[in-house]
Amino acid sequence: MAEEKAGMSGAVKLLIGAGGIYGAFLYYGSLQEDVFRYTAADGSTFKEAWFLQVLEALANVIIGFVGMQLTGPTKGIPMQMFAISGASQVTAKACTSLALANGLSFPVATLAKSGKMAPVMAGSLLLGGASYSVREYLQVAAIIGGTAIVSMGKKKGGGSSSSAMGVTYIILSLVLDGVTAGFQKRLKTETAKVGVKPKPYDFMFWTNLYMCLTAVVVATALGELSTGLSFCTENPEIFSKIIKFAVCSAVGQSFIFYTIANFDPLILSTVTTTRKIFSVLLSIFLKGHSLSLTGWSGILLACGGILSEMQAKMSGSKKAHGH
């Protein structure tokens, strides 16, 4: 591994990391949309979001476990914060799936998820008394405003009541993202306190193990394990999509960890942010979402906000490289 590191230039590593993230997650997004737009012969649709999370987390647990064995597991990791952050993270993901299952379109859901700064800012303002620049407020306003315009500019085709539920779930998912980020910060301080430094695959394995356990408990309580399995048995084509979706998630996670190991976190956030924009555009062009001119102006506004946020992060890191 050492000679490989020395022998590969930064550009090649970036190509591997970014290419892997793009490939895995663009396909992942496309499959997720297919799963929730799928209609069986009897007209029923797939609604088992927690069942889907069980399988996705399980794929990540398997790859995380293999990776952890290869890189050597870290001993003495404090488990409590892993359990809490895993539970909140899987709930956030399930809420995104539930938003799609309740009629929110994939482009709107993906753009809305790019507004992660909004709950973080709200939380910091309410709890921490933080202050933000005008530019930061404008970026968040552009992302949220653009997303709202896209959802209104979509040529009407679905019931608005189901979409209202979808919006509720996506907002819940965003709030939980904020909560998860807080727990992950705590996790870093807790591990530092006991002098343990978990490796990337430790994070992947333990977080996903608790995500999987949480999803199994919720899915069992809601009866989704049996209904999800029977839906997949009756509709094998959706089952193959779900399996591919779970594998893409785990492969994409591995590329994310590869990128984190070799580059500044900023590079990763640039790759994942631009991936979201491409996912939205791919979905519009490939999945037949018809957008009005208003809808397109919303996309431009939201993407402008996302790219401006990214550019600010990049110039900020150049100014204070130790940050």
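Values in this document were obtained by computation on a predicted structure and should not be read as measured data.

1. As for helix 4 (residues 79-101)
Then, in step 1: Here helix 4 contains 23 residues, and its C-alpha end-to-end distance of 32 Å stays within 8% of the 33 Å for a straight helix at 1.5 Å per residue.
Then, in step 2: Two residues or fewer past helix 4, G103 is found with a positive phi of approximately 90°.

2. Some thoughts on the pattern of salt bridges
Then, in step 1: All told, the structure shown has 6 salt bridges when counted by the stated rule.
Then, in step 2: The salt bridge partner of E33 is R37, with a shortest N-O separation of 3.2 Å. With E33 and R37 both in helix 2 (residues 10-37) and 4 residues apart, this pair spans about one turn of that helix.
Then, in step 3: Relative accessible area serves as the criterion here: at 3%, E33 is assigned to the buried category.
Then, in step 4: Looking at R37, the relative accessible area reads 45%, which means it is partly exposed.
Then, in step 5: Via salt bridges that share partners, D34, K241 and K287 belong to a single interconnected network.

3. A word on a nonpolar patch on the surface
Then, in step 1: Nonpolar side chains collect at one region of the surface, where L58, I62, F65, V66 and L70 lie side by side and expose about 500 Å² of accessible area between them.
Then, in step 2: With respect to the helices and strands, F65 occurs in helix 3 (residues 49-71).

4. Considering the environment of V196
Then, in step 1: For V196, the location among the structural elements is in the loop between helix 8 (160-193) and helix 9 (200-221).
Then, in step 2: What makes V196 buried here is its relative accessible area of 12%.
Then, in step 3: Linking V196 and G76, residues 120 residues apart in sequence, is a C-alpha distance of 6.9 Å.
Then, in step 4: Excluding anything up to four places from it in sequence, V196 contacts T74, K75, G76, I77 and T191.

5. Here's the deal with the state of the cysteines
In protein chemistry, a disulfide is the covalent bond that joins the sulfur atoms of two cysteines.
Then, in step 1: Counting across every chain of the model gives 0 disulfides.
Then, in step 2: With no disulfide of its own, C212 has C232 as its nearest cysteine by sulfur position, at a separation of 15 Å.
Then, in step 3: According to the relative accessible area criterion, C212 is buried, its value standing at 9%.
Then, in step 4: No disulfide involves C248; its sulfur sits 16 Å from that of C232, the nearest cysteine.
Then, in step 5: Taking relative accessible area as the criterion, C248 reaches 10% and is therefore assigned buried.

How each quantity is defined
- Residues numbered from 1 in each chain as written.
- Predicted model: local features only at pLDDT ≥ 70, side-chain atom pairs only at ≥ 80, totals over all residues.
- Heavy atoms only, no water.
- Helix = DSSP H or I, 4+ residues; strand = E, 2+ residues; numbered from the N terminus.
- Expected span 1.5 Å × (residues − 1).
- Salt bridge = Lys/Arg side-chain N within 4 Å of Asp/Glu carboxyl O.
- Buried < 20%, exposed > 50% of the residue type's maximum accessible area, 1.4 Å probe, protein only.
- Patch = residues over 30% accessible without salt bridge, like charges linked within 9 Å, V, L, I, M, F, W, Y side chains within 5 Å.
- Areas by Shrake-Rupley, 256 points an atom, 1.4 Å probe, with all protein chains shown as cover.
- Contact = heavy atoms within 4.5 Å.
- Disulfide = S-S within 2.5 Å.

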